[in-house]
Every structure is written in C-alpha cells, then in structure tokens.
Amino acid sequence: MEATVVGGGLAGCEAAWQLARRGVRVRLIEQKPAAISPAHQTPMLAELVCSNSLRSNALETGPGLLKAELRRLGSLIIACADLYRVPAGDALAVERFGFGREITARLAMHPLITIERRPVHDMPPGHVILATGPLTGTELARRIRAACGSAGLYFYDAIAPIVDADSIDMDKAFRASRWGKGGGDDYVNCPMNREEYAAFVAAVRAGRKVLPHSFEEPRYFEGCLPIEVMAERGDDTLAFGPMKPIGLDDPRTGRWPHAVVQLRPENRYRTSYNLVGFQTRLAIPEQKRIFQMIPGLEKAEFLRFGAIHRNSYVDGPRVLGPELELRTLPTVQLAGQITGVEGYIESCAMGLVSARFLAARLGGTTCPPPPVETAIGGLWSHVTRAREDGERYEPQNINFGLLPPIEGLAARRAGKSGRRKLHAERAQAALTPWLDQPADDTLLASTGLAIRASA
Ligand SMILES: Cc1cc2nc3c(=O)[nH]c(=O)nc-3n(C[C@H](O)[C@H](O)[C@H](O)COP(=O)(O)OP(=O)(O)OC[C@H]3O[C@@H](n4cnc5c(N)ncnc54)[C@H](O)[C@@H]3O)c2cc1C
C-alpha cells in the first residue's frame, strides 16, 4: 500500500503518520526549504506560523473537546504538543521549536515514511493527500482550481463574527425577515436608534485594526467590504449598506429602526448566528468591545471573530466527496485548512480523517465518517454537508455550534455550562466505536516511536 502526501504542515504530518501506522508506505513531499511561503520561517515540518497556542484544553470547550478526541485517536501532533507544553493556564501552548523538531524527527525515523524536499507543481500520480495549507503554492493552486472549476477554490477569506444564540438578549432583538419574506422569522435583528448608531460608527472608525501581512495586498470586493472601510466612507454608508433597516418592522415600535444589525443562523440547529456583512479587520479585543455595544449583543459570546486574510480553501460541500476526495479526481483527497477548516488543531483533525479514509481505501475496505456528535465529526460534516440554496460556505474553527444541539428537559435545565458538559460527554461516548487499533503499533513500539492513544 502506497500514498503520497503533499505538504508537511500540521495536516500533512498527521496524515502521513496515520497512514504509516496503518501499514501504508508514505512519500511526504514538503517544499521547504527550497521554496518557503511568506508566513513560514524554518525548514521544520509542522511549523506553527503564528501563535504557539493550540487553544483551550478544557473539555467543555470546542478546542478542548477536539484535542481530547485527537488524543484518543493517537494523534502525533497532539502527543508532541503535550510533550512540549509550556505553562499557559487552561490553554495548550507549546515550545514551538521543540514541537516542530520532535515531529520532524519522528516522521524522518519512521520506517514507512520517506520525506522529499521539493515544491510540487502538478498533481502527483497514484493516491494523494494534498495538505498544502492556506498559502498553497501558485502553480499547484492553479491545478486544484482547474480540477474544482473556477469558483471552487477561494484565495481570500472575509468572514463575519459568529455568536452563540443563547447569548443574544431577545428582549432587545427581534425575529423578522426583510418584508416578511421566506420564513418570516429567519433573522434575528438588533435595532439601533440614531444616537446608538452614531456612537457605533464612531467606535468602528476609532477601533484598532489588524494590519495586513506584507504578502496580503488588501483587495476588497465592493460587495464584501470590511465594515470599517464602509464606516470611513460616510456617516450613513453602513445604514444604507449591511445595517439598512428597510422592511424590518420592530414589533415594539411598529416602525423601522434607524439602523439594524442582522444576524443569520449559522447552522441548521440555529444554535449560532453570524453578523451579516460584518467582515472586518478590527482587532479581536476591539471586536468584542465594539460589537457588544450593539443592543441585544451586550453579553454576546463570540464563537468566531471576523477576519480578512489570505487563505486558499475549496468550496468543500461543492467539490469534495464524503472521503474528502475531489469529486472530479477521486484519487486526490484534501486535508487541513484547504478543506475549509480554520486553525492548527482543526487542520490536524482533517489530516487524521483524510488519512483514515485513504488507509481503508488502500486496504480494500471503507472507513465510516466520524460520528457527527463528536468535534471531529462536526468538522467533517462542516466541510462535506450540502448547503441550502444561497448558503455561503465559510471556513470554521471548532465550536459546539457545529454539533447537533443537546435536546430535552435535562439539557434545558442544565444551563449553558451544563449543556457544554453534556456535549462533551455525548461526544466522548459517540467517538468510542470510531476508535480503531492500527496494525503496526507493535512495530513502532519496538522503535520507541509509538504514540499511545489515551483511553
Ligand atoms: C499568517 C498566518 C497566521 C496564522 N495564525 C494562526 C494561529 O495563530 N493559530 C491558528 O490556529 N492558526 C493560524 N493560522 C492558520 C494556520 O496556518 C493553519 O490553521 C494551519 O497551519 C494549517 O495547517 P495545514 O497543514 O493545512 O497548512 P500549513 O501548516 O500551512 O502547511 C502546509 C505545508 O505545505 C507546504 N506547501 C505548500 N505548497 C506546497 C507545494 N506546492 N509543494 C510542497 N509543499 C507545499 C508548506 O510549505 C507547508 O509546510 C494562520 C495562518 C496564516 C497564513
């Protein structure tokens, strides 16, 4: 059994490891140091390009749950992160050079893995996992685009913040669709009077913005401008743009408000909502402070903050099959951030899933998808689930909004933190049948390379 993995980042390293521990001979091709993206700096594999934090370890958070699952699944990335942990409270932060060196060494020493250092410009033959990340080289990106169709691969990410539905104050916000269209109550609307709107525009203008990286020339589409750019264009630009109130009767006054922030359901369970048209380069603490000025969002809990950055990712639900394979080229699977997840651990998770599917294929069997009640299954579902008409596909960090809600009286009584605990318990139980026993762990144990999956 043989496979090629392109890209030695978090996803590619995890995929190569998971394939090899299932007896697959792996050729891992990494472009560094011959070619190096503007965000990468070292020849190490699994380089953390920015923060050294893999976020919370607490089981009652999306990132904590995902890491717990990855530990049980024998993830190389998480095992090495645990090995090189530095003190960071609840978060799993790592000593980045030790972490990268350990992963590079383990892969280099693995008897079934060969590492080639060169850029890949075309689709390699045979079974392939492409894990070339948010800054995929231009030539290869062109090939992926040709395989996906022209609208199947995006190069920029302009995302709006997402808030937890339970944290919206519905005594101030109201449900309505513009002109009562569609379901009539599809949107949650946060109304503003003239003074509130003026204060909000002033805060957006004055708020601290994140400067683009040197390789990110800001190219905005008129239909997708950051709110701060619109706020700079004039006092009323936002009120005539994403905050326009027309067709939205506030049931408390019977009139249209001066301006409105509309929130659209982010998932079919309506447990999270995105702020429509609020893509932004405001710094994260500023987003929290300024968006909590919006009536109804004073106590909003942000599941994701807005961002605009360079990011290569495919329109997963349109171009990927259930095993993360390109529909038009089924011997090529994707893994990592390019599938439409966002973040180190999410990318690692999509490397693990892609490899599980491929190892089963090569062995002449199939691997069922990860259960949707798990964090890893929630991510898989996000990148593969068919979207409803008009629903935009956007990259996602792990959060409980990607998992089916916990229903029932006990869940209602449990409150928010109790529900998170229930989410975590349900996920842990659902993952058990998806754990497997790879064939060659005994071989690895004799070399001292084995990663022991936690119970
Ligand atoms: C500037 C920046 C800052 C970020 N900060 C954070 C952060 O703080 N926290 C966080 O969780 N996430 C962050 N991210 C997102 C983060 O990069 C990803 O979540 C994660 O690294 C993606 O893993 P990956 O394996 O998919 O891609 P990567 O880790 O980028 O790995 C891709 C690998 O493929 C190689 N490669 C690319 N093209 C080719 C080719 N043609 N041939 C051969 N090899 C190739 C690259 O050299 C690289 O080693 C950031 C991203 C960027 C761009």
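Residues numbered from 1 in each chain as written. Predicted model: local features only at pLDDT ≥ 70, side-chain atom pairs only at ≥ 80, totals over all residues. Heavy atoms only, no water.

One pass over the full model with this rule turns up 8 aromatic pairs. Between Trp179 and Trp256, the aromatic rings sit 5.5 Å apart at their centres with planes inclined by 80°, giving edge-to-face as the arrangement. Placement of the pair is Trp179 in the loop between strand E10 (174-175) and strand E11 (188-192) and Trp256 in the loop between helix H8 (237-240) and strand E12 (259-265), with a sequence separation of 77 residues. Exposure remark for Trp179: the relative accessible area of 51% places this residue in the exposed category. Between Phe302 and Phe305, the ring centres sit 5.0 Å apart and the planes meet at 20°, which makes this aromatic pair stacked. Taken together, the ring pairs in this structure connect Phe200, Phe278, Phe291, Phe302 and Phe305 into an aromatic cluster. The ring of Trp434 carries Arg356 above its face, with NZ or CZ at 3.9 Å from the centroid. (Phe/Tyr/Trp six-rings, centres within 6.5 Å; stacked < 30°, edge-to-face > 60°. Helix = DSSP H or I, 4+ residues; strand = E, 2+ residues; numbered from the N terminus. Buried < 20%, exposed > 50% of the residue type's maximum accessible area, 1.4 Å probe, protein only. Lys NZ or Arg CZ within 6 Å of the ring centre and 35° of its normal.)

With that out of the way, let us pick up the pairing of strand E2 (residues 25-30). As paired elements, strand E1 (residues 2-6) and E2 share 5 bridges and run parallel to each other. If you follow Thr4 over to E2, its bridge partner there is Arg27. Note that the unit made of E1, helix H1 (residues 10-20) and E2 has a crossover that is right-handed. As judged from the 5 bridges shared by E2 and strand E6 (residues 113-117), these two strands associate in the parallel manner. Each residue of the ladder has a partner; that of Glu30, found in E6, is Arg117. (Pairing = 2+ DSSP bridges. Right-handed = clockwise from strand over helix to strand, strands pointing away.)

Time to look at the sheet that holds E11. On the basis of which strands lie adjacent, the open sheet formed by 6 strands has the order E10-E11-E12-E13-E9-E14 and antiparallel pairing. With partners counted over all chains shown, the strands left at the sheet margins are E10 and strand E14 (302-304), one partner each. The pairing of E10 with E11 spans 2 bridges and is antiparallel. The partner of Phe174 across the bridge, within E11, is Asn189.

We now examine the sheet that holds strand E4 (residues 85-86). Strand order across the open sheet formed by 3 strands is E3-E5-E4, with antiparallel pairing between neighbours. Taken across any chain shown, the strands that pair with only one partner, and hence form the sheet edges, are strand E3 (53-56) and E4. The pairing of E3 with strand E5 (residues 91-94) spans 2 bridges and is antiparallel. What sits directly across from Ser56, in E5, is Ala91. Each of E3 and E5 is contacted by helix H2 (residues 62-72), which is oriented at about 115° to E3, the strand it contacts most. (Contact = heavy atoms within 4.5 Å. Axes fitted to C-alpha atoms, helices over the stretch in contact; angles between N-to-C directions.)

Take the site of the ligand next. For the ligand, the set of nearby residues contains 30 residues, the closest of which are Ala11, Glu30, Gln337, Gly343 and Tyr344. The contact in question runs from an oxygen atom of the ligand to an N or O atom on the backbone of Ser51, over 3.2 Å. At a separation of 3.4 Å, a nitrogen atom of the ligand approaches a polar backbone atom of Gly137. About the coverage of the ligand: the protein hides 91% of its 980 Å² of free accessible area. Among the secondary structure elements, those contributing two or more residues to the shell around the ligand are H1, E2 and helix H11 (344-362). Considered class by class, the residues forming the shell around the ligand number 13 nonpolar, 14 polar and 3 charged. (Near = heavy atom within 4 Å. Polar contact = N/O pair within 3.5 Å; in protein donor to acceptor, adjacent residues only side chain to side chain. Areas by Shrake-Rupley, 256 points an atom, 1.4 Å probe, with all protein chains shown as cover. Nonpolar A, V, L, I, M, F, W, Y, C, P; charged D, E, K, R; others polar.)

In total, this model carries 22 salt bridges according to the counting rule given. As a salt-bridge pair, Arg143 and Asp122 come within 2.9 Å of each other at their nearest N and O atoms. A residue pair is termed long-range when its members are at least 10 positions apart, and Arg143 in helix H5 (residues 138-148) and Asp122 in the loop between E6 and strand E7 (128-130) qualify at 21 residues. Here Arg143 falls in the partly exposed class, since its relative accessible area comes to 32%. For Asp122, a relative accessible area of 42% translates into the label partly exposed. Taking the shortest distance from any N to any O, the salt bridge between Arg356 and Asp436 comes out at 3.8 Å. A residue pair is termed long-range when its members are at least 10 positions apart, and Arg356 in helix H11 and Asp436 in the loop between helix H13 (409-431) and helix H14 (441-447) qualify at 80 residues. Take Arg356: its relative accessible area is 7%, and that puts it in the buried class. By relative accessible area, which is 35% here, Asp436 ends up partly exposed. Each member of the salt-bridge network shares a partner with another, and the members are Asp122, Glu139, Arg142 and Arg143. (Salt bridge = Lys/Arg side-chain N within 4 Å of Asp/Glu carboxyl O.)

This part is about the domain arrangement of the chain. Examined at the domain level, the chain breaks down into domain 1 (2-159 + 310-447) and domain 2 (173-305). Listed by partner, the interface residues are 20 residues for domain 1 and 18 residues for domain 2. In total, domain 1 and domain 2 occlude about 1,700 Å² of area from one another, counting both sides; carbon and sulfur atoms represent 50% of this. Ranking the residues of domain 1 by area buried against domain 2 places Tyr156, Ile159 and Gly401 at the top, with a combined share of 29%. For the interface between domain 1 and domain 2, the tally reads 3 salt bridges. The partner of Glu301 in a salt bridge is Arg420, with the nearest N and O atoms 2.4 Å apart. For the pair domain 1 and domain 2, the interface holds 6 residue pairs in polar contact (both at pLDDT 80 or more). (Domains from an automatic or database assignment. Buried area = accessible area lost by both parts, 1.4 Å probe.)

In contact at an axis separation of 7 Å, H1 and H11 are set at 30° when each is read in the N-to-C sense. Where H1 crosses over H11, the two elements pack in a sense that is right-handed. The segment H1 lies against H11, with Leu10, Ala11, Glu14, Ala15, Gln18 and Leu19 engaging Tyr344, Ser347, Cys348, Gly351, Leu352, Ala355, Leu358 and Ala359. Partitioning the contact of H1 with H11 into residue classes produces 10 nonpolar, 3 polar and 1 charged. (Left-handed = near helix turned anticlockwise from the far one by under 90°.)

With omega at 0°, the peptide bond leading from Lys32 into Pro33 counts as cis. Along the chain, the position of Pro33 falls in the loop between E2 and E3. Even without being a glycine, Ala46 presents a positive backbone phi close to 50°. Of note, Ala46 is situated in the loop between E2 and E3. The class for Ala46 is buried, based on a relative accessible area of 1%. Despite not being glycine, Trp179 shows a phi value in the positive range, around 60°.

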